[in-house]
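Fold and geometry: a report
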Amino acid sequence: METAHWKIHKFGGSSLADAGCFRRVAAIVSSRTTRPLGIVVSAMRGTTDALLALIDSAQRGETEHEQSLAPLRDRYHEAATELLSADRREAVMAAWQKDADDLGDLLRAIALVRSADSRSRDVAAGYGEIWSARLLAAFLAQESPERRVDWLDARRALTVHQTELGPSVLWDRSRQRLADALPEPTPDVLVITGFIAEDEQGLQTTLGRNGSDYSAAIFAVLLEADELTIWTDVDGVMSGDPNRVPEARVIETMSYNEAMELAYFGARVIHPQTMGPAVANNIPILIRNTFAPERPGTRVVTVPGRDDEDKIKGITAIDGVALVNVEGAGMIGVPGTADRVFGALREAEVSVILISQASSEHSICFAVPELLADTARRVVADAFAEELASGQIQKVDVTPACSILAVVGDGMSGTPGIAGRFLNTLGRAGINVSAIAQGSSERNISAVVRREDATRALRAVHSGFYLSAKTISIGIIGPGMVGSTLLAQIAEQAGRLRDQFNLDLRIRAIATSSKMLLAEHRLDLQDWQSALVADGQETNLDRLADHIHADHLPHSVLIDCTASDRVAARYGEWLRRGIHVVTPNKKAFSGDYAYYREMQEAARDGSAHYFYETTVGAALPVIQALRDLRETGDRIDRVEGIFSGTLAYLFNTFDGSRPFSEIVADARANGYTEPDPRDDLSGMDVARKVIILAREMGDSLDVSQLAIRSLVPEALQSGSVDDFLRELPAYDDEMYRLLEDARNDGKVLRYVGRLERGGPASVDLVKLDRDHPFANINLTDNVVQFVSERYSANPLVIQGPGAGPAVTAAGIFADLLRLTAYVGGEE
């Protein structure tokens, strides 16, 4: 028997659904240059279910078997007509009719007694594979007359013994029977029926509903094949369920152990039982797509080659799980408690999916299929009825609606930090873990989470281990000058960030005060303005937040580019929901102190973060520098500076050659001011920044405690912006007198905010010496000076552009990237 170079290919029901599929399979077989080939086939899609339905109808006493078989005959005849010449078709259909007559006799017998044993069901269910093998062999022989093609009824070769754990192959007997059954000479292509076999008594049986894959692995061993390819309707084993993790990718190479772990935990491309014979005989398994044969698929081998970064191969989840917890002080140190728990479950035929026990032995929790949760609770409660009554066991309770998330990879073994990274990633996505389990092999780490969190958990962990891009769902509120500039910057950098840093910044919402534009996947940033006009809907911040905080995306952030109190008032609510916030809006951080504290608590409750570096110095790291000084133990004595790029521009430019009002109008047109310049000229913008810095220092400073000098004439404090700009020239003379007064003293005018440790805080227009650090700055620069215990004789100075859409947008962008690093555990 020639066996040295057999290669086995298995095609499932979806690969043999109709005549077109048969042609596709034939093309794949014909493209294989090596010989001999073993082609194991399933029934045409839906055929096995239809055959078992006939058994069920016969059990009910229904006798119209000819009519019941008609749909199967018509479908088969249609495929044979499309594929075969007249003479070949006639022979194939004659064989089919003989099988149909035998099946009809079986159905009549069942209908007579209204009962069908497992043997009868096996006989009926096995016809589908016979019909597929016969039709495919005939078509291959017709299309490739130069090749010797034959087909083998597996019942002539494969003998199994049925056990409680399923069919067990009688290898020696099967090898002998196969040697007797193989045609001579060895065919180039041998089509083999999957699923069916014989038992020791020579009676037909099956290998179960995943039996065709199992048959392929068995025949790979019996024929001493050097490779087994399973053709299906997916590209291979995926790193995650593509229905829940769209970014899931095909795993190119993996070990048998990794494949079995993923299969046990719901990756249904390959059944664990299938791999048993291949694993035992070191036969590589390839998983490939019948409908895309050009793709390489997944190769499953004993020890795959992998680089050092490839620690995790896949992430999967099992839904429909309940967590049962047995808790009580009476369990501590008592031998046999676990045996009683799981013995009771075994007697009730409840399968346990996951087990976790605290080292204190105070509790044991385990996961079971949700449909069996009440049974599990009842049998365990019955087993410990006496202990429950006496109080030694406090409770046996059930947490329904759970999912088990599992990360799998041989590379996890012996690698420190994998479990920490797994749990940390879940925590950063705001997902609570109810139980965890890890085997000593360290190949699988499993966690129980709420079912409603499962998809977000899958995507968070998938991106957290770099199996896909780290995806951030983003909504931008206020696409004005700063917001639109930010959108342009993100659009320009998105490709680079994805290619170099595996980061997917997904803009899914843009909102003005009146209209918002939402996208299920992502918005086109090249033409969002037109889309907002054409397709925008009325702005609803509740709906916008719901849309951004989608269950299928692990991380969400709202970027508020407005100066709105109304939007800022929503931060606490968003943070508590787990939505991160990035903003240059100072209102929330400088307003009511109680709300400021509420935001901090909300962020802790929601495991969310807020970034607001741009509230003080645009893109300058003012807040970060203050935090670094404070957190490293420095004592900050004084902070002072020019905190407004607008006011820096105004007083750097105001030299008496142009009216002050004209400079204000130009600054607003260039985006250097707030939308209402009075927010700058009133000193409130600087005051808010001083308050923010004070609170970063741990002070509960409020605006009422600041001495603020406003540059807005009292008569112009109310009214529209346009009215203000129109009437401001009437006050130019007053500003000119202040300028001349400073010049006469040899000084310059600068608008400065000051904050003393334990002392006063002020915002004022002051006269400074011409050699003062604040006197010689660029047009829109902010400059901040920190005087501390470490920086006393030579204060720490931070200086740079503090106004303008591009600078502010860049600062917001930097905060967004800082957030992405944080949620990815990279800080």
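Calculation notes
- Residues numbered from 1 in each chain as written.
- Predicted model: local features only at pLDDT ≥ 70, side-chain atom pairs only at ≥ 80, totals over all residues.
- Heavy atoms only, no water.
- Pairing = 2+ DSSP bridges.
- Helix = DSSP H or I, 4+ residues; strand = E, 2+ residues; numbered from the N terminus.
- 1 Å grid on protein atoms, 1.4 Å probe; cavity = no way out; pocket = protein on both sides within 12 Å on 5 of 7 lines; lining within 4 Å.
- Points joined across faces, edges and corners; volume = space filled by probe spheres on them.
- Buried < 20%, exposed > 50% of the residue type's maximum accessible area, 1.4 Å probe, protein only.
- Right-handed = clockwise from strand over helix to strand, strands pointing away.
- pLDDT = per-residue confidence, 0-100.
- Axes fitted to C-alpha atoms, helices over the stretch in contact; angles between N-to-C directions.
- Contact = heavy atoms within 4.5 Å.
- Salt bridge = Lys/Arg side-chain N within 4 Å of Asp/Glu carboxyl O.
- Phe/Tyr/Trp six-rings, centres within 6.5 Å; stacked < 30°, edge-to-face > 60°.
- Lys NZ or Arg CZ within 6 Å of the ring centre and 35° of its normal.

1. Let's talk about the pairing of strand β21 (residues 515-518)
Here strand β20 (residues 503-511) runs beside β21; their pairing, made up of 3 bridges, is antiparallel. Directly across from I510, in β21, lies its bridge partner L517. A loop of 3 residues connects β20 with β21, the two strands running antiparallel in sequence. Bridge count for β21 against strand β22 (residues 537-538) is 2 bridges, and the pairing is antiparallel.

2. A short note on the layout of surface pockets
Within this model, the second largest pocket holds a volume of roughly 680 Å³. Lining the second largest pocket are 38 residues, with V482, C561, T673, E674 and P675 positioned closest to its centre. Elements represented by at least two residues in the lining of the second largest pocket include exactly α16 (481-501), α23 (614-617), α25 (645-653), α27 (678-681), α28 (684-696) and α31 (805-823). Looking at the lining of the second largest pocket, the element that brings in the most residues is α23, giving 4 residues.

3. Some words on the pairing of strand β19 (residues 470-477)
Extensive coverage of β19 is indicated by the burial of 8 of its 8 residues. Judged by which residues are buried, β19 turns out to be covered on both faces: K470, I472, I474 and I476 on one side and T471, S473, G475 and I477 on the other are all buried. Strand direction decides the pairing type here: β19 and β20, joined by 8 bridges, are parallel. Bridge pairing links I476 to I510 in β20. The parallel pair β19 and β20 is bridged by α16, and the resulting crossover is right-handed. Pairing of β19 with strand β23 (residues 555-560), which is carried by 6 bridges, proceeds in the parallel orientation. By the bridge assignment for β23, I477 is matched with D560.

4. With respect to the environment of D732
Summarising the element assignment, D732 is placed in helix α30 (residues 732-744). Residue classification places D732 among the buried positions, given a relative accessible area of 11%. Sequence separation of D732 and K10 is 722 residues, and the distance between their C-alpha atoms is 88 Å.

5. Thoughts on the confidence of the model for the protein
Confidence in the prediction of the protein, expressed as mean pLDDT, is 89, and 96% of residues score 70 or more. Of all secondary-structure elements in the protein, the lowest mean pLDDT belongs to helix α9 (residues 256-264), at 79, while strand β24 (residues 580-582) reaches the highest, 97.

6. Quick notes on the sheet that holds strand β18 (residues 444-450)
Spatially, β14-β15-β13-β16-β18-β17 is the arrangement adopted by the 6 strands of the open sheet, whose pairing is antiparallel. Looking along the sheet, the strands with just one partner apiece sit at the ends: β14 (354-357) and β17 (435-438). On average, each strand axis in the sheet is inclined to that of its neighbour by 30 degrees, with strand direction left out of account. Inspection of the sheet shows strand β13 (residues 314-327) paired to strand β15 (residues 363-369) by 7 bridges, in the antiparallel sense. By the bridge assignment, V321 is partnered in β15 with P369. Running over the sheet, helix α15 (residues 454-464) touches β13, β16 (395-408) and β18 and is turned about 125 degrees from β13.

7. Let's talk about the pattern of salt bridges
One pass over the full model with this rule turns up 51 salt bridges. With its nearest N and O atoms 2.9 Å apart, the salt bridge here joins R627 to E696. Highlighted residues: R627 in helix α24 (residues 622-631) and E696 in helix α28, separated in sequence by 69 residues. Residue R627 is classed as partly exposed on the basis of its relative accessible area of 27%. On the basis of relative accessible area, E696 is assigned to the buried category, the value being 9%. One salt bridge connects R658 with D666, and the closest N-O pair in it is separated by 2.3 Å. Through salt bridges with shared partners, a single ionic network connects R498, D504, R506 and R522.

8. So, the environment of R604
Turning to its location among the elements, R604 is positioned in helix α22 (residues 593-606). Spatially, the C-alpha atom of R604 lies 48 Å from that of V279, the residues being 325 residues apart in sequence.

9. Observations regarding unusual backbone geometry
Here the bond from R35 into P36 is cis, since omega is -5 degrees, no more than 30 degrees from zero. Looking at where P36 falls in the secondary structure, it is placed in the loop between α1 (19-31) and β2 (37-41). In this structure, E349 is a non-glycine residue whose phi angle is positive, near 60 degrees. In this structure, E349 sits in the loop between α11 (337-347) and β14. Of the residues examined, E349 reaches a relative accessible area of 70% and is grouped as exposed. Despite not being glycine, A618 shows a phi value in the positive range, around 55 degrees. Mapped onto the secondary structure, A618 falls in the loop between α23 and α24.

10. Some details on helix α12 (residues 373-383)
An α-helical turn contains 3.6 residues, so a residue and the one three or four places further along point in the same direction. Looking only at α12, the buried set comprises A373, A376, V379, V380 and A381. The secondary structure elements touched by the buried residues of α12 are β13, α11, β15, α13 (385-390) and β16.

11. Section: the sheet that holds strand β11 (residues 285-289)
The 8 strands are arranged β3-β6-β2-β1-β9-β11-β12-β10 in an open sheet whose pairing can be described as mixed. Each edge of the open sheet is held by one strand with a lone partner, namely β3 (149-152) and β10 (253-255). With strand direction ignored, the average angle separating the axes of adjacent strands in the sheet is 20 degrees. Against the sheet, α1 engages β1 (7-11), β2, β6 (189-193) and β9 (228-232), with an angle of about 170 degrees to β1.

12. Topic: the packing of aromatic side chains
Under the definition given, this model contains 14 aromatic pairs. Where Y76 meets W131, the ring centres are 6.2 Å apart and the plane angle is 50 degrees; that geometry is what we call tilted. Pair noted here: Y76 is in helix α3 (residues 65-83) and W131 is in helix α6 (residues 127-143), with a separation of 55 residues, a long-range link. For the pair shown, Y76 and W131 are each scored as buried. Ring geometry for F342 and F366: centres 5.6 Å apart, planes at 65 degrees, overall edge-to-face. Taken together, the residues span a long stretch of sequence, with F342 in helix α11 and F366 in strand β15 at a distance of 24 residues. Since its relative accessible area comes to 0%, F366 is described here as buried. Among the aromatic side chains, those forming a connected cluster through ring pairs are Y571, W574, F589, Y610 and Y612. Across the ring face of Y596, the terminal group of R695 is positioned such that the distance to the ring centre comes to 5.2 Å.

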